[in-house]
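# Structure at a glance
One letter stands for each residue in the lines below.
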Amino acid sequence: MSELNPELVERTAQWIAEAGVVVVFTGAGVSAESGIPTFREARSGLWAKYDPLRLATVDGFLNDPRLVWEWYAYRRKLVREKEPNPGHVSIVELEGWADELTVITQNVDSLHKRAGSTNVIELHGNITRVKCFNGAHVYPDWNDEAGKDVELPPLCEHCAQLLRPDVVWFGEQLPTGALEESFRLAESCDLMLVIGTSGNVQPAASLPAAAREAGARVIEVNPEASEITHTAHFMLRGASGEVLPEVVRELRKRT
Ligand code: BV8
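Conventions we followed
- Residues numbered from 1 in each chain as written.
- Predicted model: local features only at pLDDT ≥ 70, side-chain atom pairs only at ≥ 80, totals over all residues.
- Heavy atoms only, no water.
- Salt bridge = Lys/Arg side-chain N within 4 Å of Asp/Glu carboxyl O.
- Helix = DSSP H or I, 4+ residues; strand = E, 2+ residues; numbered from the N terminus.
- Buried < 20%, exposed > 50% of the residue type's maximum accessible area, 1.4 Å probe, protein only.
- Axes fitted to C-alpha atoms, helices over the stretch in contact; angles between N-to-C directions.
- Parallel < 35°, antiparallel > 145°, perpendicular 65-115°, else oblique.
- Left-handed = near helix turned anticlockwise from the far one by under 90°.
- Contact = heavy atoms within 4.5 Å.
- Nonpolar A, V, L, I, M, F, W, Y, C, P; charged D, E, K, R; others polar.
- Expected span 1.5 Å × (residues − 1).
- Arc of directions from axis to C-beta.
- Polar contact = N/O pair within 3.5 Å; in protein donor to acceptor, adjacent residues only side chain to side chain.

### Focus on the pattern of salt bridges
All told, the structure shown has 14 salt bridges when counted by the stated rule. In this structure, glutamate 18 and arginine 217 form a salt bridge, with 2.5 Å as the shortest nitrogen-oxygen distance. In this pair, glutamate 18 sits in helix α1 (residues 6–18) while arginine 217 sits in strand β8 (residues 217–222), placing the two residues 199 residues apart along the sequence. Exposure remark for glutamate 18: the relative accessible area of 44% places this residue in the partly exposed category. Classification of arginine 217 as partly exposed rests on a relative accessible area of 29%. One network of salt bridges, in which partners are shared, links Arg129, Lys131 and Asp166.

Below is the structure:
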């Protein structure tokens with residue numbers, strides 16, 4: 001934390017206090033301190049020999065449905081064992097200082113909702129929800145333990161199609177409503193906090209530039225530079241679970 005610039009923490013608190021509409025745009029980095037590997041780190045763990053860019057696709061699933069299903073079952077178990085971290089909790093607390101605060105997340109891990117955030121847009125779906133391959137039937141809060149002995153992936157009980165995770169795979173369109181609402185908010189907010197994203201995945205990664213071009217203030221929270229850094233007015237360099245509680249402490253001092 002030593003490298004965190006107190007003047008920038010103060011300026012962040014000032015900009016939050018002045019803002020009416022705040023958007024918090026998050027990526028995998030906000031969940032890193034909960035023990036959930038970021039998308040790129042995930043390639044170093046158990047699944048290192050499999051490329052998420054290959055697994056998280058329709059072709060990857062059709063090529064080996066069982067492998068992809070088991071990769072998501074492994075990640076569902078991981079997500080359910082973990083807890084929101086102080087970064088998620090601080091984002092909930094920021095709701096007390098903004099007239100309106102919406103979290104737009106690329107993450108599929110439910111941790112913002114479990115932390116208590118009231119307005120969350122999940123751009124890339126949610127790993128705890130599954131659906132049949134043509135999307136007609138959805139199964140929220142899937143329990144992998146229930147169907148322990150069935151052939152994997154399980155089949156939809158309504159239409160007998162293969163079940164798949166209800167997430168947006170590479171090459172798939174984002175949920176239209178969620179994407180449109182996200183760009184509307186980016187283009188109308190006073191302040192966007194961009195937290196824990198490398199800014200590589202489109203179209204989500206274009207939201208900070210849309211906000212900046214529409215006149216919003218943009219602050220990045222990340223331990224290292226990203227594709228977003230050049231779009232932000234400034235960067236709070238550090239881990240979100242350490243930086244965001246500092247910002248909340250600064251806001252508390254001002255009230
Ligand atoms: C679409 C759900 C079009 C699944 C995800 C070239 C070739 C092929 C495709 C493309 C291409 N160029 C663009 C594309 C399109 C493609 C894309 O963007 N590819 C990239 C890789 C180049 N996009 C798509 O395919 C999208 N769909 O374009 O459709 C279309 C149009 C019409 C009709 C049909 C189709 C769909 C993209 C969604 C993919 N699904 N997730 C799953 O999770 O399994 S994306 C997945 O990866 C995540 O959801 C997330 O969005 C992304 C990972 O990014 P980050 O969250 O940023 O995580 P990352 O690990 O990269 O970075 C972590 C950051 O945190 C780092 O900066 C690190 O420094 C920081 N950090 C670490 N610790 C901390 C921290 N920060 C704070 N605190 C800490 N403690």
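### As for the packing of helix α6 (residues 86–94) against helix α10 (residues 240–254)
Interaxial distance between α6 and α10 falls to 7 Å at its minimum, and their mutual angle equals 30 degrees. Our classification of the angle between α6 and α10 gives roughly parallel. Judged by the twist between their axes, the crossing of α6 over α10 is left-handed. Between α6 and α10, the contacting residues are Pro86, Gly87, Ser90, Ile91, Glu93 and Leu94 on the first element and Ser240, Gly241, Leu244, Pro245, Val248, Leu251 and Arg252 on the second. Across the contact of α6 with α10, the residue classes break down as seven nonpolar, four polar and two charged.

### Examining the environment of arginine 252
Along the chain, arginine 252 falls in helix α10. Assessed through its relative accessible area of 46%, arginine 252 is described here as partly exposed. Residues contacting arginine 252, with those up to four places away along its chain left out, are Glu93 and Trp97.

### Looking at the packing of α1 against α10
Where α1 contacts α10, the axes come no closer than 9 Å and their chain directions differ by 65 degrees. Our pair here, α1 against α10, has a crossing hand that is right-handed. In this structure, α1 uses Val9, Glu10, Thr12, Ala13, Gln14, Ile16 and Ala17 to contact α10, whose residues at the interface are Glu246, Val247, Glu250, Leu251 and Arg254. For the contact of α1 with α10, a count of residues per class yields six nonpolar, two polar and four charged.

### As for α1
Spanning 13 residues, α1 covers 18 Å between terminal C-alpha atoms, matching the ideal 18 Å at 1.5 Å per step. Of the positions making up α1, those classed as buried are Leu8, Val9, Thr12, Ala13, Trp15 and Ile16. The arc that holds the buried residues of α1, viewed along the axis, is 165 degrees, so those residues lie on one side. In α1, the exposed residues that point more than 90 degrees away from the buried face are Pro6 and Glu7. If you check the start of α1, you find a side-chain oxygen 2.7 Å away from the backbone N of glutamate 7, and it comes from asparagine 5.

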